[in-house]
Amino acid sequence: MVERRGPSETDTCGTPVKIDDFSTLARAKLPSDVFDYIDGGAGDEITSRANRRDLDEIRLLPLCLRNVSELDLSVTLLGHSFRFPVGFSPTAFHRLVHEGGEVSTARAAGALGIPMVVSSMSSIALEDVVGDSGHEKLWFQTYIFKDRDLTRELIRRAERSGYRAIVVTVGCPVPGKREKNIVNRFALPAHVVAANFVKRNAVVHNNPIHSVGGAELDPSLTWRDVEWLRGSTDLPIVLKGIMNPADVAPALDLQVSGLIVSNHGGRQLDTTESTVRILPEVAAAVSGRIPLLVDSGFRRGTDVFKAIALGADGILLGRPVVWALAVGGEKGVVDAVGLLIEELRIAMRIAGCSSIGEIRKESANIIRRN
């Protein structure tokens, strides 16, 4: 008699039941160098692993006999209401994995009723992402490039196109070292370009965004440059890349509208602290004065629950969005986020919290950190 066994964790199933299934399916579908570009981290990828490990080590202490028949998962960010405390972090070159590129991703975000941060390194022009997706609450990400005129022009284009906020990536004065890209001699295929920039004939295998004309990072940046940017637009300014509570005070002094705790998915400086471990300290420094988001490593509804309990107003997804886009286009992205949201609903009900605000209110009672 043959013993029947259920599917192992390494089996590839046709219908994903968790976000990591989209990673498995994307790995099988994409060229190995493209998958490594999406998934790879800096150096030995210690930070990439720590982002997951530290989320897994946080324990929940459910509260019993609470009325959780009705749930409210909505949040308000930068004056706009969203259905869920989840959004999309800026990730580059979506046409690497799907012809619809950032337009398909933005349509998915719009269907879900959540924010998306569109990367300045998008493979579709920033104007077309707005116009073709119909998403009316997109945010635009940029760096403060060495070329300040180019930086200013990107912001003006975002303003004219109807973006609702400018997300400025900080903490990246130089590119990190991504060894998988170097070993693979990774380069963008001919049909994928940084559509907001002029193409130049150069290849930087470590990170293709540094092959883009005008996109040179500036190691001389200081808080005065953020002040310059603040004076260049009336849109809300959100700083992405905060990993030290000491940076909160100068950010607040410049009246930025939000902060994103991010180690860039472990893709910049290896051995950086995980975002979930530094989040409570940054949240304490912010003290509710402006919205606080967090990314890097979030894969489960319980991860979202933990982040909110530790002081975040919401989380942003990076790699999982690209995996899901590769697997199923717009629908794949909607389905992947749907799995996460359903897990969050289950976590809220079993933990005894009926709203996002209640998770925060009960945080001292429902979470335990090592």
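Residues numbered from 1 in each chain as written. Predicted model: local features only at pLDDT ≥ 70, side-chain atom pairs only at ≥ 80, totals over all residues. Heavy atoms only, no water.

Asks: I would appreciate a short explanation of the layout of surface pockets in the present structure.
Replies: Of the volumes computed, that of the largest pocket is approximately 390 Å³. Taken together, 19 residues make up the lining of the largest pocket; nearest its centre are Ser23, Asp39, Arg299, Arg319 and Trp323. Listing elements by their share of the lining of the largest pocket, those giving two or more residues are helix 1 (19-29), helix 2 (32-39), helix 3 (46-57) and helix 12 (319-351). Along the lines of polarity and charge, the residues of the lining of the largest pocket split into two nonpolar, seven polar and ten charged. (1 Å grid on protein atoms, 1.4 Å probe; cavity = no way out; pocket = protein on both sides within 12 Å on 5 of 7 lines; lining within 4 Å. Points joined across faces, edges and corners; volume = space filled by probe spheres on them. Helix = DSSP H or I, 4+ residues; strand = E, 2+ residues; numbered from the N terminus. Nonpolar A, V, L, I, M, F, W, Y, C, P; charged D, E, K, R; others polar.)

Asks: Whenever I open this one, the side chain of Thr151 confuses me. Can you help?
Replies: Among the secondary structure elements, Thr151 is positioned in helix 6 (residues 148-161). Setting aside anything within four residues of it in sequence, one finds Thr151 in contact with Tyr143, Ile144, Phe145, Trp228 and Leu229. (Contact = heavy atoms within 4.5 Å.)

Asks: In this structure, what is going on with the state of the cysteines? I would like to understand it.
Replies: Here a disulfide denotes one covalent bond, and it connects the sulfur atoms of two cysteines. If you walk through the whole model with that rule in mind, you get zero disulfides. With no disulfide of its own, Cys64 lies 12 Å from the sulfur of Cys353, the closest cysteine sulfur. (Disulfide = S-S within 2.5 Å.)

Asks: Hey, could you run me through the nonpolar core in this one?
Replies: Nonpolar side chains in soluble globular proteins tend to end up buried together. Core analysis: the largest hydrophobic core is formed by 118 residues, its most contacted members being Met121 and Leu259. Sorting elements by how many residues they give to this core places helix 12 first, with 15 residues. Leave out the neighbours within four places in its chain, and Met121 touches Ala92, Phe93, Phe145, Ala194, Phe197, Ile209, Val212 and Ala215. (Core = buried A, V, L, I, M, F, W, Y, C linked by side-chain atoms within 4.5 Å. Buried < 20%, exposed > 50% of the residue type's maximum accessible area, 1.4 Å probe, protein only.)

Asks: Looking at this structure, I do not really get the pattern of salt bridges. What am I missing?
Replies: It is possible for side chains of opposite charge to pair when their charged atoms get near one another. Within this structure, the stated rule accounts for 19 salt bridges. For Arg152, the salt bridge is made with Asp149, and the minimal N-O distance between the two is 3.1 Å. In this pair, Arg152 and Asp149 are both assigned in helix 6, three residues apart and thus about one turn of the helix distant. Residue Lys177 pairs with Glu179 through a salt bridge whose shortest N-O separation is 3.9 Å. The network of salt bridges with common partners includes Arg53, Asp54, Glu57 and Arg277. (Salt bridge = Lys/Arg side-chain N within 4 Å of Asp/Glu carboxyl O.)

Asks: I keep staring at the pairing of strand 10 (residues 237-242) and nothing clicks. Help me out?
Replies: The side chains of a regular strand alternate between the sheet's two faces. Burial runs high along strand 10: six of the six residues are buried. Across four bridges, strand 7 (residues 166-169) lies against strand 10 in parallel orientation. Residue pairing across strands places Ile166 opposite Ile237, the latter belonging to strand 10. Of the pairings in the sheet, the one linking strand 10 to strand 11 (residues 258-261) comprises four bridges and is parallel in character. (Pairing = 2+ DSSP bridges.)

Asks: Is there a simple way to explain unusual backbone geometry in this structure?
Replies: When glycine is set aside, most residues are seen to have a negative phi, and most peptide bonds are trans. Non-glycine residue Leu78 carries a positive phi angle of around 55°. Looking at the element boundaries, Leu78 is found in the loop between strand 2 (75-77) and strand 3 (80-82). Backbone geometry at Ser287 places phi at a positive 55°, although glycine is not the residue there. Structurally, Ser287 can be placed in the loop between helix 10 (275-286) and strand 12 (292-295).

Asks: Explanation requested: the packing of aromatic side chains in the structure shown.
Replies: Geometry of an aromatic ring pair is reported as the spacing of the ring centres plus the angle between the planes. Taken as a whole and judged by the stated rule, the model has five aromatic pairs. Centroid distance Phe140 to Tyr163: 5.6 Å. Interplanar angle 65°. Geometry classified as edge-to-face. In this pair, Phe140 is assigned in strand 6 (residues 138-142) and Tyr163 in the loop between helix 6 and strand 7, connecting sequence segments 23 residues apart. Phe140 gets classed as buried once you look at its relative accessible area, which sits at 0%. (Phe/Tyr/Trp six-rings, centres within 6.5 Å; stacked < 30°, edge-to-face > 60°.)

Asks: Before we go on, may I ask you to explain the confidence of the model for the protein in this structure?
Replies: Interpretation of this model should avoid reading the predicted coordinates in detail wherever pLDDT is low. With 95% of its residues at a pLDDT of at least 70, the protein reaches an overall mean of 93. In the predicted structure, residues 1-12 sits below a pLDDT of 50 and forms two contacts with residues beyond four places in sequence or in another chain. (pLDDT = per-residue confidence, 0-100.)

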